[in-house]
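One-letter residues, chain by chain:
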2 protein chains.
Amino acid sequence: MHSFTEENYLKAIYKLMENDGPEVSTNAIAAHMNTRAATVTDMIKKLSAKKLVHYTPYQGVSLSTTGKKAALSIIRKHRLWEFFLVEKLGFRWDEVHDMAEQMEHIQSPELVERLDEYLGFPKHDPHGDPIPDAKGRLPETEAALLLSAQKGKKYKMSGVIDHHVLFLKHLDEIGLKPGCIIYVDQITSYDLSLQIRINGGKPLFISHQIARNILITSSR
Amino acid sequence: MHSFTEENYLKAIYKLMENDGPEVSTNAIAAHMNTRAATVTDMIKKLSAKKLVHYTPYQGVSLSTTGKKAALSIIRKHRLWEFFLVEKLGFRWDEVHDMAEQMEHIQSPELVERLDEYLGFPKHDPHGDPIPDAKGRLPETEAALLLSAQKGKKYKMSGVIDHHVLFLKHLDEIGLKPGCIIYVDQITSYDLSLQIRINGGKPLFISHQIARNILITSSR
DNA sequence: TCCAATATTTAGACTAATCTAAATATATAT
DNA sequence: ATATATATTTAGATTAGTCTAAATATTGGA
Ligand SMILES: [Mn+2]
Ligand SMILES: [Mn+2]
Ligand SMILES: [Mn+2]
Ligand SMILES: [Mn+2]
């Protein structure tokens, strides 16, 4: 099979393709993986030899069909284990990433399917990210940013863009988490801040900085 | 921390010390790990430099206090995950070893303690092997071999010596598993076979080959 | 006690993953 | 269009883990 390192590269390339378009640059991968461009070039050549990526020197890299399948399998495992850690072991959503980063590499197709069943086939992880199914299909998700919300409407929080620990802890403190209902009472055009209520609670001010990192869907 | 490889060596040395006495030979480790003696010598030197083992060239190796602690921590994780896989995910006891072999290397003290709690602080894994506690202490276990049982007495099965898949599957088929009560009706001195009943069921013949791989304690 | 069989270590080589520094290709800005 | 800046690759080195073959130490039998 693939080494941990190869798997981590596949996942990184998948995420960069998702954000920055189909051709991923050597430097982008190096930055994302906290390594050097020369190291990335070496690994790309290996992944290319294994037909996991398409690669033209100087022109960037993209996942092949098999590479994409492998990446989705790793992401599936990562998100299922995160769900397990939060729902079964009681960890907070800001604590689980590093553990899942290790658990995603456990090799056993049977284990993944049993875990999925044990967890009740969840569609989203604790951060609201979609969990690919056994075939690598992602659940449908139409999500918008909270900063594009309209005054007077209500929405359901569906996830976050930023996954950093400090951001997640802050959301915890103010009571925002995936699934909660957000009523948008005011929008201040000057600084793009919002005044909201969560599940009909007390009014709360949300800065642009935060609003642009929160995903919402139409409530219902 | 320690690499997967180092952890696997520590565990191997622990198990060999348990079975063969305090000084473990290079060849014994090589055989147990399915590798070469020269490879073992290299690794022993590294473990020795890290003060995880005591080593005198040509004289064998033994775990230091810290090495033993590390080995017990890995064994704790291995057996807790095996318990999880059987009790929560519904795997059979002959299916879980290879998965636990990977899961035992996940680094997160908090995860281990939460898992232990979630599982109800089990004292033994699905094979009847004792689970070290958070401090590395093993639960008390006075276990004897079924082949040393006495006619007319009853015992509780507490575990197995042999852990191979085929043996475990066979035990499953005849209904023997840790926790069951074994009534010894007959002992044939010629071939050292036994006639037993499990939980008061039908009479069953057990060969010496099997009897010497089953652990028992006094029933109650 | 001594020698041959066995066990262990050393020497030298290989692969995977990483790095720094140098070379080369691509992009951008007059 | 040319030169400068940036991005990428190549060259050469390092570390962990492994191997084979050769050297050396230990052990047990005559
Ligand atoms: Mn990872
Ligand atoms: Mn997540
Ligand atoms: Mn292992
Ligand atoms: Mn076990």
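Residues numbered from 1 in each chain as written. Chains lettered and ligands numbered in written order. Predicted model: local features only at pLDDT ≥ 70, side-chain atom pairs only at ≥ 80, totals over all residues. Heavy atoms only, no water.

This part takes up the coordination of the manganese ion (ligand 1). All names here are of chain A. Coordination of the manganese ion (ligand 1) by the protein involves N8 (OD1), E101 (O), E104 (OE) and H105 (NE2), with metal-donor separations of 2.2 to 2.6 Å. Each donor residue of the manganese ion (ligand 1) lies on one chain, and together they are spaced N-x92-E-x2-E-H. For E101, a relative accessible area of 22% corresponds to the partly exposed category. Classification of E104 by relative accessible area gives buried; the value is 0%. (Donors = N, O, S within 2.8 Å, 3.2 Å for Na, K, Ca; no water. Buried < 20%, exposed > 50% of the residue type's maximum accessible area, 1.4 Å probe, protein only.)

Moving on to the pattern of salt bridges. Residues and elements named next belong to chain A. Going through the model one piece at a time under the given rule, you end up with 21 salt bridges over all chains. R76 is the partner of D116 in a salt bridge, and the nearest nitrogen-oxygen pair spans 3.0 Å. Separated by 40 residues along the polypeptide, D116 in helix α6 (residues 109–118) and R76 in helix α4 (residues 65–87) bring together distant segments of the chain. Just as D116 is buried, R76 falls in that class too. It is possible to trace a salt-bridge network through shared partners that takes in K11, E101 and E104. (Salt bridge = Lys/Arg side-chain N within 4 Å of Asp/Glu carboxyl O. Helix = DSSP H or I, 4+ residues; strand = E, 2+ residues; numbered from the N terminus.)

On the side of chain A, 21 residues touch chain B, which itself brings 21 residues to the contact. Roughly 1,700 Å² of surface becomes buried between chain B and chain A when both sides are summed, with 70% attributable to carbon and sulfur atoms. Summed over the three residues of chain B that lose the most area to chain A, namely L89, R114 and Y118 of chain B, the buried surface amounts to 31% of that side. Taken together, the links from chain B to chain A amount to zero salt bridges. Scanning the region where chain B abuts chain A turns up seven residue pairs in polar contact (both at pLDDT 80 or more). Elements with a contribution of two residues or more to the side of chain B that touches chain A: α4 (65–87), α5 (97–103) and α6 (109–118) of chain B. Top element by residues in the side of chain B that touches chain A is α6 of chain B. It accounts for five residues. When grouped by side-chain class, the residues that make up the side of chain B that touches chain A number twelve nonpolar, five polar and four charged. (Contact = heavy atoms within 4.5 Å. Buried area = accessible area lost by both parts, 1.4 Å probe. Polar contact = N/O pair within 3.5 Å; in protein donor to acceptor, adjacent residues only side chain to side chain. Nonpolar A, V, L, I, M, F, W, Y, C, P; charged D, E, K, R; others polar.)

Below, the discussion takes up the protein's contact with DNA strand D. Neighbouring DNA strand D are 21 residues, the closest being Y55 of chain A together with S3, T35, T39 and K46 of chain B. One of the side-chain nitrogen or oxygen atoms of K45 of chain A is found 2.7 Å away from a phosphate oxygen of DNA strand D. Here S3 of chain B contributes a side-chain N or O atom positioned 2.5 Å from a phosphate oxygen of DNA strand D. Going through the elements one at a time, α2 (26–33) and α3 (37–49) of chain A together with α1 (4–20) and α3 (37–49) of chain B are the ones with two or more residues in the surface near DNA strand D. Residue composition of the surface near DNA strand D, by class: nine nonpolar, eight polar and four charged. (Near = heavy atom within 4 Å.)

Attention now moves to the packing of aromatic side chains. Evaluated as defined, the whole model comprises seven aromatic pairs over all chains. Centroid distance F4 of chain A to F4 of chain B: 5.6 Å. Interplanar angle 90 degrees. Geometry classified as edge-to-face. A residue pair is termed interchain when its members come from two chains, as with F4 of chain A in helix α1 (residues 4–20) and F4 of chain B in helix α1. Since its relative accessible area comes to 38%, F4 of chain A is described here as partly exposed. Taking the centre distance of 6.3 Å and the plane angle of 80 degrees together, the rings of Y118 of chain A and F84 of chain B count as edge-to-face. Here Y118 of chain A, found in helix α6, pairs with F84 of chain B, found in helix α4, and the two come from separate chains. On the basis of relative accessible area, F84 of chain B is assigned to the buried category, the value being 0%. (Phe/Tyr/Trp six-rings, centres within 6.5 Å; stacked < 30°, edge-to-face > 60°.)

For the rest of this paragraph, the subject is the coordination of the manganese ion (ligand 3). All names here are of chain B. Distances from the manganese ion (ligand 3) to its protein donors, N8 (OD1), E101 (O), E104 (OE) and H105 (NE2), fall at 2.1 to 2.7 Å. Sequence spacing of the donor residues for the manganese ion (ligand 3), all on one chain, is N-x92-E-x2-E-H. With N8 in helix α1 and E101 in helix α5, this pair connects stretches of sequence that are 93 residues apart.

Right, let's talk about the sheet that holds strand β3 (residues 144–145) of chain A for a bit. Residues and elements named next belong to chain A. The strand order across the open sheet formed by six strands is β3-β8-β4-β5-β6-β7, and the pairing between neighbours is antiparallel. At either end of the open sheet lies a strand with only one pairing partner, and these are β3 and β7 (203–206). Pairing geometry for β3 and strand β8 (residues 214–218), over two bridges, is antiparallel. Paired with A144 across the bridge in β8 is I216. (Pairing = 2+ DSSP bridges.)

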